[in-house]
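# Topology and contacts: notes
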Amino acid sequence: MPDRLYIDKEDRPYYQKAEEENILNFKNKNQKEQFLLAMAIGFENSQRRELKTREGFFFSDNLGSEGRTLINALAIREHGSADILADEKKVFDIAEQYASAGIRILADSIDKVQFGKFDKMFEKDLVEMLNLSQ
Amino acid sequence: MRIERIDLKNYRQFRSVCIDFGRSPKEDLHILVADNGTGKTNLLNAINWCLYGNEPHLSKDSQQLPRLNLNTLVQATEGTKEIVSVELVTETEGNRITFKRSEEYLVHKDRKQPVLHDINFTVTYLDDKKNAKWVIDEEATAYVERFVPRDIREFFFFDGERLDTYFKSATGQQISNAIFRISQVDTLNRISDRLESVVNDLKREAGKRSPQIEEIREAIEDKEKKRKEVMEQIAELGVQKEDARRKIDELNEKLRSIPNIEALQAEQAKLRETYKKKDQVRNEKVIDKQNLLFELGILLRLYPTLQVSSQVISEKVKNKEIPQTYDTRLLDNILITRQCICTRRVEEGSSEEKHIKQLRADIATSSVIARELLQMISPIEQIKKKISTFKSELERITKEIQLYDEELNDLNVKIQSIDSQIGGYNVEQVKQWYSELKDYQRIYDFNIERITNLKLAKERLDKEIADLNQDLNKALLKEAVFQEVRHQIAFGNRASGVVNNVVKTMMDRVRKAIENETRDSFFNLVWKKETFKDVYIDENYALHLIHGLGYECLGSVSASERQLLALSFVIALHKVSGFDSPILVDTPVARVSNEQRENLGKIFYQISRNKQLILLFLPTEYSVEISRNLDTCASSMRKLRLTKDEREIQMEVIR
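All values derive from a computational prediction rather than experimental measurement.

## A look at the overall build of chain A
What chain A contains, in helices and strands, is five helices and two strands. Counting from the amino terminus, chain A carries its helices and strands in the arrangement β-α-α-β-α-α-α. Per-residue burial over chain A gives 40% buried out of 134 residues.

Right, here's the structure in full:
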């Protein structure tokens, strides 16, 4: 049973970039929160990436009920059944792979957007997403 | 009186210079142009020395030098006598009066300074029969007093740079002294002093004969002494109060169009503090919004996965797969007891045992899944709730931030507005002025309070003295022997009162006459007639210039306007006093801007039509604006320059 969630060692600079730019108050977020945002972005973009060199990022105990629900929900959706939940390692692998792709997409977006405008763009996308979902 | 000629011999740089001041038919204007150090101011000194025996405008450098011309001194042989002289030939109502002062020096080569050997001062004039007469020394000095009294010479011979600050430096006391001198009431004052002295002597005599009278007399003397001290204090404080008032007017005038920078800076500091606080709250709101976007950024993106999970959970609930209904303890018990619930034995390795074990494993797996799914139900509901309120929450925070932005913008506009109000001013200088204004206001108020108290004290003393005088009168009445003395004292007191009233009336009249003449002259000559409303001299002899808008403006008018007022005052003094002397001004426009020089040039021209005016200009002063107005009307024009060895002045006659 894995006791922690991992990122690729190569992902570290991307997390640092988001912290340096401090988009969405990124530097004041804990690693679980940073991981979940990266995972959500990876899922939104349907991008998964195999981890090459695994580096522990945070303990699974810290996921909390909401975090675990999100990871489980992603795994169910990806696997097509709830049976995946019986294999926690697979659940974590799916989350880690989406997060690894997601953090790269996030860093890329930061580069593309004019300095200081990221939050505005992020907000605009969210509102559009919300309008579409309703 | 006008000066016809000045003849200088061996006087400082003037080894032998004679300047004629012949007048034109209309104007009596004389111009001398000279660089600094080429004798302008020493010409002023020469006139003062000739008339009064001193040189009030002497520079520090000149003070170190002998009065005897340096070339004369160097070229003189041992033991020779050399004479320094200044002769002033004047004309008064057709009579020629010559003032001549000379000093004879003995030259000793081994000494730096020549030794003064003899001094002469002579006044030569024509008597009623046109016979030449002369008076010397003290008699000559008294003669000068009849034409240009020493005490008021500062109202005739000016340093132009001082003319600008004339009413800043001339206190009411100085003007009062001039008016006193001009009123010619000194004889009356002496009479009053004499009467007072006689009365006191009479009282003293009576006191010698009666201890009671002596006691009253001593009390009167003591009270009068105290009253005199109080009056001196009142006069002194009056001068201080007047100085403070003048400074207050001056500073108020300077600050009239300048905002109160100290108050504005305090307001700005308050605004900046409010800005800082609001900006901090606004930043906290921005962070709240970032946190909201961050959280919802995760939840909204993963919302489709939650929908799938919800469906899975619903189906499993529908199929009664969750919550789980298997009795795992029963299955475990069968495997332990080897007996099924139907009482059949379950053999080891039998197909029944395998089936039960498989069922037990499946249940274990499904229970993990069921547990996980069950644990997801509540968070999914909470997440859905968060998403449903996200939009309104985002709008609320965005609105709040907007409001803060508007408030901050308003505050910034106010802060910048204060910056622009303050901008362009020398903030430290203005603050200094405000601080000085406060100080002078305090001094003024303090002096008023002290003067009021002293006046009350004087009133008390007046009453006490009056009461004591009555007591004295009663005491004198008691004894027949004192009747004569009593009448004499009463007469002396009455006479003294009458004389004092006459003095006061005469001085008031002179003050009023000078005020009227100054006003007439100023408004006749001033080029901005609408700008000013009035000129007056108050009871404390302070001169006031009132702006058209009604405020005191002497401290703030241009240098040329101040000079005009000073000249108007001087012309008024001359007219009222009857001492109709020339006006001589050294560097008359040194402090006047080019634009104003033209106006002042015209004023000089107008004054010269009624009075002899001698102006000593620097070459830089004699600008186009001045020459345009004075070149054609000047009665004489000369240039002074130093010889190469800088010990002698040569004069070039231009006209």
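## Remarks on the overall build of chain B
Summing up its helical and strand segments, chain B has 18 helices and 14 strands in all. Among the 655 residues that make up chain B, the fraction classed as buried is 31%. Considering only intrachain contacts with a sequence separation of at least 6, the fraction spanning at least 24 residues in chain B is 75%.

## Section: the interface of chain B and chain A
The interface is formed by 30 residues belonging to chain B together with 30 residues belonging to chain A. For the side of chain B that touches chain A, the secondary-structure elements that each account for two or more residues are α10 (261-301), α11 (303-318) and α13 (351-422) of chain B. For the side of chain B that touches chain A, the element with the highest residue contribution is α13(B), accounting for 12 residues. Its residues assigned to classes, the side of chain B that touches chain A comprises 20 nonpolar, seven polar and three charged.

## Some thoughts on the sheet that holds strand β1 (residues 2-11) of chain B
All names here are of chain B. Within the open sheet, the six strands sit side by side as β2-β1-β4-β5-β6-β7. Their pairing is antiparallel. Taken across any chain shown, the strands that pair with only one partner, and hence form the sheet edges, are β2 (14-20) and β7 (132-136). Going from strand to strand, the sheet's axes swing by 15 degrees on average, the running direction of each strand aside.

## Quick word on the nonpolar core
With 86 residues, the main nonpolar core has B:Ile31, B:Ala46, B:Ile47 and B:Leu573 as its most contacted residues. With 10 residues, the single largest contributor to this core is helix α16 (residues 559-577) of chain B. Ranked by size, the runner-up nonpolar core spans 57 residues in total, among them A:Ala18, A:Phe57, A:Leu63 and B:Ile380.

## Some remarks on the packing of helix α1 (residues 12-21) of chain A against helix α4 (residues 88-112) of chain A
Residue and element names in this part refer to chain A. It is the contact of α1 with α4, at a shortest axis distance of 9 Å, that shows an interaxial angle of 40 degrees. The angle between α1 and α4 falls in the class oblique. You can see that α1 and α4 cross each other, and the crossing is left-handed. Of the residues in α4, those in contact with Tyr14, Tyr15, Lys17, Ala18 and Glu21 of α1 are Ile103, Arg104, Leu106, Ala107 and Ile110.

## A few points about the pairing of strand β10 (residues 543-547) of chain B
All names here are of chain B. Here five bridges tie strand β9 (residues 532-537) to β10, and the two strands are oriented antiparallel to one another. Within β10, the residue paired with Tyr536 across the bridge is His544. In textbook terms, the turn of a hairpin is the stretch between consecutive antiparallel strands, and for β9 and β10 this stretch comprises five residues, one of which, Tyr541, has a positive phi near 65 degrees.

## Remarks on the pairing of strand β5 (residues 95-106) of chain B
Taken together, the 12 bridges between strand β4 (residues 81-92) of chain B and β5(B) define a ladder with antiparallel strand orientation. In the strand pairing of β5(B), B:Leu88 is matched with B:Phe99.

## Section: the environment of B:Glu154
Tracing the chain through its elements places B:Glu154 in the loop between α4 (137-147) and β8 (157-159). When the C-alpha atoms of B:Glu154 and B:Ala178 are compared, they prove to be 9.6 Å apart, with 24 residues separating the residues in sequence.

## Description of unusual backbone geometry
All names here are of chain A. The residue Asn22 is not glycine, and still its phi comes out positive at about 50 degrees. Within the element layout of this structure, Asn22 appears in the loop between α1 and α2 (31-44). In this structure, Ser46 is a non-glycine residue whose phi angle is positive, near 50 degrees. As for its placement among the helices and strands, Ser46 is situated in the loop between α2 and β2 (54-59). Assessed through the 8 C-beta atoms surrounding it within 10 Å, Ser46 is described here as exposed.

## Structural notes on the confidence of the model for chain B
Put simply, chain B has an average pLDDT of 86, and 96% of its residues get 70 or more. We note a pTM of 0.54 for the whole complex and an ipTM of 0.97 for its interfaces.

## A short note on the packing of helix α3 (residues 64-79) of chain A against α11(B)
As a packed pair, α3(A) and α11(B) sit with axes 8 Å apart at the nearest point and diverge in direction by 80 degrees. Taken together, the axis directions place α3(A) and α11(B) in an arrangement best described as roughly perpendicular. Between α3(A) and α11(B), the contacting residues are A:Asn72, A:Ala73, A:Leu74, A:Ile76 and A:Arg77 on the first element and B:Pro304, B:Thr305, B:Leu306, B:Val308, B:Ser309 and B:Val312 on the second. Considering only residue class, the contact of α3(A) with α11(B) consists of seven nonpolar, three polar and one charged.

## Focus on the environment of B:Asn524
Residues and elements named next belong to chain B. Among the secondary structure elements, Asn524 is positioned in helix α15 (residues 483-525). When the 12 C-beta atoms within 10 Å are taken as the criterion, Asn524 is described as exposed. For the pair Asn524 and Ser568, spaced 44 residues apart in sequence, the C-alpha separation works out to 9.4 Å.

## Notes on the environment of B:Gln339
Residues and elements named next belong to chain B. Secondary-structure assignment places Gln339 in the loop between α12 (328-337) and α13. Of the residues examined, Gln339 has 12 C-beta atoms within 10 Å and is grouped as exposed. In contact with Gln339, not counting residues within four places along its chain, are Ile334, Arg345 and Val346.

Parameters at a glance
Residues numbered from 1 in each chain as written. Chains lettered and ligands numbered in written order. Predicted model: local features only at pLDDT ≥ 70, side-chain atom pairs only at ≥ 80, totals over all residues. Helix = DSSP H or I, 4+ residues; strand = E, 2+ residues; numbered from the N terminus. Buried ≥ 20, exposed ≤ 12 C-beta atoms within 10 Å, placed from the backbone. Contact = placed C-beta atoms within 7 Å. Nonpolar A, V, L, I, M, F, W, Y, C, P; charged D, E, K, R; others polar. Pairing = 2+ DSSP bridges. Axes fitted to C-alpha atoms, helices over the stretch in contact; angles between N-to-C directions. Core = buried A, V, L, I, M, F, W, Y, C linked by C-beta atoms within 7 Å. Parallel < 35°, antiparallel > 145°, perpendicular 65-115°, else oblique. Left-handed = near helix turned anticlockwise from the far one by under 90°. pLDDT = per-residue confidence, 0-100.

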